[in-house]
Amino acid sequence: MKAFDTFDAALRKNLLMLFAAGLFFWSSLSSLLPTLPLYIEHIGANKQEIGIVMGSFAIGIILIRPSMGALADNRGRKIVLLIGMFVVAIAPLGYLVVKSVIPLMLIRAFHGISIAAFATAYTALVADLTPEHRRGEVIGYMSLVSPLGVGIGPAIGGFLQATAGYTPLFLSSAVLGCLGLLCIIPIVNPPIAIQPINSKNDNFWQILTSPPVRIPAIVLLLSGLTLGSLHTFISLFIKSTGVDLNPGLFFSVAAISSFSCRLFTGKASDQYGRGLFVTMSLIAYTLSIICVWQANNTFMFLLGALMEGAASGMLIPMISVLITDRTLPHERGRIFAVSFIGFDLGFAIAGAILGTFAQTFGYRSMFGFITGLTVLSIIIFLTQSSRSIRKSLGFAFGLHQDVYAIK
């Protein structure tokens, strides 16, 4: 991470506090990943209801993310960071007082506002602060907060749930969010970029269907379906197979793998292009779901976790850098928000739709179906990521530059 040695003290402090805030944020959020589906089952919900409650999280993201992107562009990134962290600090307390499915859906949707705000502002702020020639490297390093948090959080959550019960679990998630709030306070918000009067980037559908955004959004949609179903049902699937594996370990292995990939892919993408690593991530997602689909022992589940971590460790940072390459500062918050709507939507419908599929055909058949979605995402990116199939293939394999990048 020698890049940080070249930055001035103020910039290093900003990035350090931002990194610490992100670590607390993701640790708080992910502490509930392996435990919340078990809690929902504990209060009497069936498979479909578990999927609906978990999917409600992304509904909050979808409804709020566009407005958070606009707020980040118009009022600065810091206020949006504070909103996201405040929600992640108080939402876990709501789980303590509700014991039925519909109220849980509402709390879960409110909890989703946290990612809509924090993740949008975090990525936009890192992009604002990063020198263009080291953009992939620094965004890759700063994105390490997610796998680190997702490595720490499930371990904490799984331990507290198993040893102390659900009340200490939810209280610890809230405390982590409060610590994150303290980290955001000293961050200095950069000057707000003035939006040109004739800007055409206010219309949601115009942004979403534009060539630079459309394919990344579709890829994120299919990836959101994959990751949403995995996060929602992996704990229950492991339990149903009778394999002696703590679900928290699955998430921790994935986080370690994601962390390892992010250490080098960001810097490598500055040299070899973003498309190559998006392609590699989609292939890794496919291999991950195949492993889970066929898993009958601990090794196969953990191999699937390893591949899933590698996939997410490449895809999210690379799409973030790709969108940064294609945007100007005054529009970055809005376009980030719209681009990741696909991922949010995938997460939102994964639990409900695939929960119904699992209710009818079982978890294993559901993961077999998801394998087809990951293959479809590879085909779309290979053939549609640029202005022609030939250029798309070149970009996807690192042979051609991104024709939509702003020089």
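Remember, predicted model here, so these are calculated numbers, not experimental data.

1. Here's the deal with the overall build of the chain
Logical step 1: Along the backbone of the chain there are 17 helices and 0 strands.
Logical step 2: Here the chain has a C-alpha radius of gyration of 20 Å; the compact-globule value for 407 residues is 22 Å, and the two agree.
Logical step 3: Along the first, second and third principal axes, the C-alpha set of the chain runs to 55 × 45 × 40 Å.
Logical step 4: Residue burial in the chain is summarised as follows: out of 407 residues, 59% are buried.
Logical step 5: For the chain, contacts bridging at least 24 residues in sequence account for 82% of all contacts bridging at least 6.
Logical step 6: Accessible area for the chain stands at about 15700 Å²; split by element, carbon and sulfur atoms hold 69% of it.

2. Topic: the confidence of the model for the chain
Close inspection of predicted coordinates is inappropriate in any region flagged by low pLDDT.
Logical step 1: In the predicted model, the chain carries a mean pLDDT of 87, and the fraction of residues at 70 or more is 95%.
Logical step 2: Confidence, expressed as mean pLDDT per element, reaches its minimum in the chain at helix α15 (residues 341-361) with 79 and its maximum at helix α12 (residues 274-293) with 95.

3. Some details on the side chain of S392
Logical step 1: Of note, S392 is situated in helix α17 (residues 389-396).
Logical step 2: Non-local contacts of S392, meaning those with residues more than four positions away in its chain, are made with F381, L382, T383, Q384, S385 and S386.

4. Looking at the pattern of salt bridges
Logical step 1: Scanning the model with the defined rule gives 8 salt bridges in all.
Logical step 2: The salt bridge involving D73 is made with R334; its shortest N-O contact spans 3.6 Å. Of this pair, D73 sits in helix α3 (residues 47-75) while R334 sits in helix α14 (residues 332-339), placing them 261 residues apart in sequence. Across the pair, R334 and D73 agree in class, each one buried.
Logical step 3: As a salt-bridge pair, D128 and R332 come within 3.2 Å of each other at their nearest N and O atoms. One end of the pair, D128, is in helix α5 (residues 101-129); the other, R332, is in helix α14, and 204 residues separate them in sequence.
Logical step 4: The class for D128 is partly exposed, based on a relative accessible area of 27%.
Logical step 5: R332 gets classed as buried once you look at its relative accessible area, which sits at 4%.
Logical step 6: Members of the salt-bridge network, linked through shared partners, are D73, R77, D128, R332 and R334.

5. Here's the deal with α5
Logical step 1: Taking 1.5 Å per residue as the helical rise, α5 with its 29 residues ought to reach 42 Å, and the 42 Å between its terminal C-alpha atoms agrees with that figure.
Logical step 2: Counting buried positions over the 29 residues of α5 gives 23, a clear majority of the element.

6. Points about the nonpolar core
The tendency in soluble globular proteins is for nonpolar side chains to be buried side by side.
Logical step 1: If you look at the biggest cluster of nonpolar residues, it comprises 120 residues, and the most contacted ones within it are I234 and F301.
Logical step 2: For this core, the leading source of residues is α5, giving 15 residues.
Logical step 3: Residues in contact with F301, not counting those within four places in the same chain, are I234, F237, I238, T241, V243, L245, F250, V292 and A295.

7. Here's the deal with the state of the cysteines
Logical step 1: Counted by the stated rule, this structure contains 0 disulfides.
Logical step 2: Free cysteine C178: the closest other cysteine sulfur is in C183, separated by 12 Å.
Logical step 3: Left without a disulfide partner, C261 is nearest to the cysteine sulfur of C291, which lies 14 Å away.
Logical step 4: A relative accessible area of 12% places C261 in the buried class.

8. Topic: the environment of Y141
Logical step 1: Take Y141: it is sitting in helix α6 (residues 135-142).
Logical step 2: With relative accessibility at 7%, the residue Y141 sits in the buried group.
Logical step 3: Spatially, the C-alpha atoms of Y141 and T327 are 20 Å apart, while their sequence positions differ by 186 residues.

9. Let's talk about the side chain of T371
Logical step 1: Its location among the elements puts T371 in helix α16 (residues 363-384).
Logical step 2: You can call T371 buried: its relative accessible area is 9%.
Logical step 3: Apart from the residues within four sequence positions on either side, T371 is in contact with T286, I289, I290 and W293.

10. Here's the deal with the packing of aromatic side chains
To describe a pair of aromatic rings, one takes the distance between the centres and the angle between the planes.
Logical step 1: Under the criterion given, the structure shown has 15 aromatic pairs.
Logical step 2: Judged by centre distance (6.4 Å) and plane angle (20°), the rings of Y166 and F170 are stacked. Of this pair, Y166 and F170 both sit in helix α8 (residues 166-184), 4 residues apart, which is roughly one turn of that helix.
Logical step 3: Looking at Y166, the relative accessible area reads 18%, which means it is buried.
Logical step 4: Judged by relative accessible area, F170 falls into the buried class, the value being 1%.

11. Looking at the packing of helix α1 (residues 9-30) against helix α4 (residues 77-97)
Logical step 1: The contact between α1 and α4 brings their axes to 10 Å, and the two run at 30°. What the angle tells us is that α1 and α4 run roughly parallel. In terms of crossing hand, the pair formed by α1 and α4 is left-handed. Residues L18, A21, F25, S28 and L29 of α1 touch α4, and the partners they reach there are L81, G84, M85 and V88.
Logical step 2: Broken down by class, the residue content of the contact of α1 with α4 amounts to 7 nonpolar, 2 polar and no charged.

12. Details of a nonpolar patch on the surface
Logical step 1: Taken together, the side chains of F86, I90, L93, F110 and L171 present a nonpolar region at the surface, about 400 Å² in accessible area.
Logical step 2: In terms of residues, the nonpolar patch owes the most to one element, α4, which gives 3 residues.
Logical step 3: Along the chain, L93 turns up in helix α4.
Logical step 4: Accessibility expressed as a relative area gives 36% for L93, which makes it partly exposed.

Conventions and cut-offs
Going along each chain's sequence as written, the residues are numbered from 1 onward. Where totals are concerned, whole chains, interfaces and linings use all residues; where local detail is concerned, this predicted model gives features only for residues with pLDDT of at least 70, and gives and counts side-chain atom pairs only at 80 or more. Computation of side-chain values covers all heavy atoms of the structure but excludes hydrogens and water. Counting from the N terminus, the helices are the DSSP runs of H or I reaching at least four residues and the strands are the DSSP runs of E reaching at least two. It is over C-alpha atoms that the radius of gyration is taken, and the globule rule equals 2.2 Å times the number of residues to the power 0.38. Exposure is judged per residue with a 1.4 Å probe applied to protein chains only, and the accessible area is read against the type maximum: over 50% gives exposed, under 20% gives buried, and values in between give partly exposed. A contact between two residues is defined here by any heavy atoms of the two lying within 4.5 Å. Residue burial considers only the protein chains on display, and all accessible areas are found by Shrake-Rupley using a 1.4 Å probe. Values of pLDDT, the confidence the predictor places in each residue, fall between 0 and 100. We count a salt bridge whenever a side-chain nitrogen from Lys or Arg sits within 4 Å of a carboxyl oxygen from Asp or Glu. Expected span of a helix: the number of residues minus one, times 1.5 Å. Nonpolar cores are built from buried Ala, Val, Leu, Ile, Met, Phe, Trp, Tyr and Cys residues. Side-chain atoms within 4.5 Å join them into one set. Two cysteine sulfur atoms make up a disulfide if the distance between them is within 2.5 Å. Only Phe, Tyr and Trp rings take part, Trp by its six-membered ring, and two of them pair if their centres are within 6.5 Å. Stacked means planes under 30 degrees apart, edge-to-face means over 60, and tilted covers everything else. Lines are fitted to the C-alpha atoms to define the axes, a helix being fitted only along its stretch in contact, and any angle between axes, read from their N-to-C directions, falls within 0 to 180 degrees. When an angle is under 35 degrees it counts as roughly parallel; over 145 it counts as roughly antiparallel; between 65 and 115 it counts as roughly perpendicular; any other value is oblique. With the far helix as reference, a near helix turned anticlockwise by less than a right angle produces a left-handed crossing, and one turned clockwise produces a right-handed crossing. Gly is put with the polar residues, along with every residue not named as nonpolar or charged; the nonpolar set is Ala, Val, Leu, Ile, Met, Phe, Trp, Tyr, Cys and Pro, and the charged set is Asp, Glu, Lys and Arg. A patch consists of residues exposed above 30% relative accessible area that lack any salt bridge, with like charges linked at up to 9 Å and nonpolar side chains (Val, Leu, Ile, Met, Phe, Trp, Tyr) linked at up to 5 Å.

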